[in-house]
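# Remarks on the overall topology
Letter by letter, the chains look like this.
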Amino acid sequence: MLTEAEITQFKNEGYLVKRGIIDQDYCARARERLWDDPAPSMKQDDPDSWVGPFKEDEESEDPQNFKRGYRWQYRKVGKEDWMVEGLSRHPFVQVVVTQLLGEDRFTQPKGVRGIYCTLPQANAERKPRHVHIDEGPSTLGFVCYVDRVDPDGGGFTVWPRSHKRMYYTSSSRHLGEYGETYQTVKKDLDETWESSSVQTFGDPGDLVIWHHRMAHMASHNYTANIRKAVLTDFRFKNIDELKQLAPDDDMWIDWSYAIRDACD
């Protein structure tokens, strides 16, 4: 379970990193399955072949195996039982979602997003980071690293405390119906990325738990390894009702008593 201090940290910062949670066998299997269908020029045993971007003639717009630029999103395995059981149904994950969203108040994912990868950029010039917000009605997300991610290795990057600003930039509590205020906040966060954003990193089995109004991005990867992570998301059972509502003065009004009672 999360401690009271960890719940408070999540409430205030919008994210939390937990180490060594997911089984190593799961991580190893995900790493292996990634190579079911790589680009023709990419070889599992040749790190030099992993350097992006993807060759133009090897790009793929297939949503089940998207490859473009430095992004590789392998979703074909996302609904296989082992992928769901090992992450979404993991006992720790289930306890955390219950703590944060409330007992029996969320739906069980039918699949995970897939294995999301960021290719290395080798010796590329450092680039700025830019804010991204998911538009769907999910509420709570988990990023599981399935391989070592070093600093500057393409880790899931967040703008701490940005969820408290972004929540009020949409006309819906749980949908990304953003207006002019969003553009103002985004511009501020984009311009201050060097001081306001934080890269996460870690070992296989580490989790990043994050609020879906958190400004985030998959950061640039300046290491020699492919950044590999499996993502899953949770939403409230009555999300169709909640997403029709405007943001409340209390942004935690739909969440569990445990997080509503935590200190701001």
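Residues numbered from 1 in each chain as written. Predicted model: local features only at pLDDT ≥ 70, side-chain atom pairs only at ≥ 80, totals over all residues. Heavy atoms only, no water.

What follows concerns the overall build of the protein chain. Per the secondary structure count, the protein chain includes 9 helices and 10 strands. A globule of 264 residues ought to have a C-alpha radius of gyration of about 18 Å, and the protein chain, at 18 Å, matches this closely. Taking the principal axes of the C-alpha coordinates as reference, the protein chain spans close to 50 × 40 × 30 Å. Sequence-distant contacts in the protein chain: of pairs separated by 6 or more residues, those separated by 24 or more amount to 83%. (Helix = DSSP H or I, 4+ residues; strand = E, 2+ residues; numbered from the N terminus. Rg over C-alpha atoms; globule rule 2.2 N^0.38 Å. Contact = heavy atoms within 4.5 Å.)

Okay, the sheet that holds strand β10 (residues 227-234) next. Strand pairing within a sheet occurs via backbone hydrogen bonds; the two strands may be parallel or antiparallel. Across the sheet, which stays open at both edges, the 7 strands sit in the order β1-β8-β5-β10-β4-β3-β2 with antiparallel pairing between neighbours. If you trace the sheet from one side to the other, it starts and ends with β1 (15-18) and β2 (65-68), each paired once. Shown here is a sheet whose adjacent strand axes are inclined to one another by a mean of 20°, direction ignored. Relative to strand β4 (residues 114-118), strand β3 (residues 71-74) is paired through 4 bridges, and the arrangement is antiparallel. In the sheet register, Trp72 faces β4, and the bridge partner there is Cys117. In this fold helix α1 (residues 4-13) packs onto β1, β5 (140-145) and β8 (207-211), with an angle of close to 135° to the strand it touches most, β1. (Pairing = 2+ DSSP bridges. Axes fitted to C-alpha atoms, helices over the stretch in contact; angles between N-to-C directions.)

A separate point is the packing of aromatic side chains. Overall, the coordinates contain 13 aromatic pairs when judged by the stated rule. Plain terms: the ring middles of Phe10 and Trp255 are 6.0 Å apart, the flat faces sit at 45° to each other, and that makes the pair tilted. Taken together, the positions of Phe10 in helix α1 and Trp255 in the loop between α8 (239-242) and α9 (257-260) put the pair 245 residues apart, joining distant regions of the chain. Given the relative accessible area of 0%, Phe10 is considered buried. A connected cluster of aromatic rings, assembled from ring pairs, spans Phe10, Phe236, Trp252 and Trp255. A cation over a ring is seen here: Arg126 above Tyr222, with NZ or CZ 4.0 Å from the ring centre. A cation over an aromatic ring shows up here: Lys228 above the ring of Trp50, its NZ or CZ 5.8 Å from the ring centre. (Phe/Tyr/Trp six-rings, centres within 6.5 Å; stacked < 30°, edge-to-face > 60°. Buried < 20%, exposed > 50% of the residue type's maximum accessible area, 1.4 Å probe, protein only. Lys NZ or Arg CZ within 6 Å of the ring centre and 35° of its normal.)

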